[in-house]
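Take a look at the letters that make up each chain.
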Amino acid sequence: MVKLCFIEHRHASAVQVLAADFAVAEWTRLPHPYPEDGAVNFIEMQILERKLGKAFVFAIEVDEQFVGVCGLHEIRDGVSREFGFWLGKPYWGKGYASIAAKSTLEFGFRDLALKRVEAVALESNHASRRILEKNGFALIELAKHHDPYIHHKDERLAKYALVVTPIS
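Residues numbered from 1 in each chain as written. Predicted model: local features only at pLDDT ≥ 70, side-chain atom pairs only at ≥ 80, totals over all residues. Heavy atoms only, no water.

## Structural notes on the packing of aromatic side chains
Point 1. Applying the stated criterion across every chain yields a total of eight aromatic pairs.
Point 2. Look at Phe 6 and Phe 56: their rings are 6.1 Å apart centre to centre, the planes differ by 45°, and that puts the pair in the tilted class. Remark: Phe 56 occurs in strand β2 (residues 56-62) and Phe 6 occurs in strand β1 (residues 2-6); sequence separation between them is 50 residues.
Point 3. A residue is classified by how much of its surface remains accessible, and Phe 56, at 11% relative accessible area, is buried.
Point 4. Chaining the aromatic ring pairs together yields one cluster made of Phe 6, Phe 56, Phe 58 and Phe 107. (Phe/Tyr/Trp six-rings, centres within 6.5 Å; stacked < 30°, edge-to-face > 60°. Helix = DSSP H or I, 4+ residues; strand = E, 2+ residues; numbered from the N terminus. Buried < 20%, exposed > 50% of the residue type's maximum accessible area, 1.4 Å probe, protein only.)

Okay, here's the thing in structure tokens:
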């Protein structure tokens with residue numbers, strides 16, 4: 001059973017192991033090699049940003065085991081400018097990211113009263129793009145990037161947005 005909870009210090013060792021895998025870093029903004037204190041620093045930052053209302057990052061757990069993260073980042077003025085997720089490689093292709101994305105987006109629109117959520121994925125990352133599209137995101141554009149943390153330097157980013165339409 002997939003369960004989401006706010007990321008906490010108890011997740012640090014599992015984050016450290018899964019995030020250190022280049023197969024995960026290759027498709028995300030995770031640095032590789034992943035620093036020895038990467039998980040602890042990441043979790044500390046997420047706890048602080050949650051207290052400030054700037055980001056809400058969830059640990060994805062399956063049968064009490066940490067498998068990845070899903071979160072809303074850069075929140076201000078009713079907009080999350082970055083929605084992101086990643087799973088450890090052993091958990092790919094099992095539907096966990098889709099479930100986590102749906103639950104995280106429901107939290108954002110219901111509990112945070114977000115009006116818009118933005119996301120990006122590498123153009124060739126068909127799995128992530130499919131998860132975004134299944135959850136209602138619309139492709140806005142394909143664009144070059146200048147992000148030094150993305151491992152595919154010459155690949156375009158697919159930029160997406162999900163907007164709440166007010167009921168009239």
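So, next bit.
## Some words on the pairing of strand β7 (residues 157-163)
Point 1. With five of seven residues buried, β7 is to be regarded as a mostly interior element.
Point 2. Summarising the sheet, strand β5 (residues 116-122) and β7 pair through seven bridges and their orientation is antiparallel. By the bridge assignment for β7, Arg 116 is matched with Val 163.
Point 3. Of the strand pairs in this sheet, strand β6 (residues 138-143) and β7 are connected by five bridges, and their pairing is antiparallel. Looking at β7, one finds that Ala 138 is bridged to Ala 161. (Pairing = 2+ DSSP bridges.)

## Structural notes on the nonpolar core
Side chains that are nonpolar tend, in soluble globular proteins, to be buried together.
Point 1. Within the largest apolar cluster, 47 residues are counted, with the highest numbers of intra-cluster contacts made by Val 15, Phe 83, Trp 86 and Phe 137.
Point 2. Setting aside residues no more than four positions away along its own chain, Val 15 makes contact with Ile 7, Tyr 34, Ala 39, Ile 43, Phe 66 and Trp 86. (Core = buried A, V, L, I, M, F, W, Y, C linked by side-chain atoms within 4.5 Å. Contact = heavy atoms within 4.5 Å.)

## Considerations on helix α1 (residues 12-19)
Point 1. All of the buried residues along α1 are Ala 12, Val 15, Gln 16, Leu 18 and Ala 19.
Point 2. Where α1 is buried, its residues meet α2 (22-25), α3 (38-52), β3 (65-76) and β4 (79-87).

## Some thoughts on unusual backbone geometry
Point 1. The step from His 32 to Pro 33 runs through a cis peptide bond, and the omega angle for that step is 0°.
Point 2. With respect to the helices, strands and loops of the structure, Pro 33 is situated in the loop between α2 and α3.
Point 3. Unlike most non-glycine residues, Asp 63 shows phi in positive territory, near 50°.
Point 4. Residue placement: Asp 63 occurs in the loop between β2 and β3.
Point 5. What makes Asp 63 exposed here is its relative accessible area of 59%.

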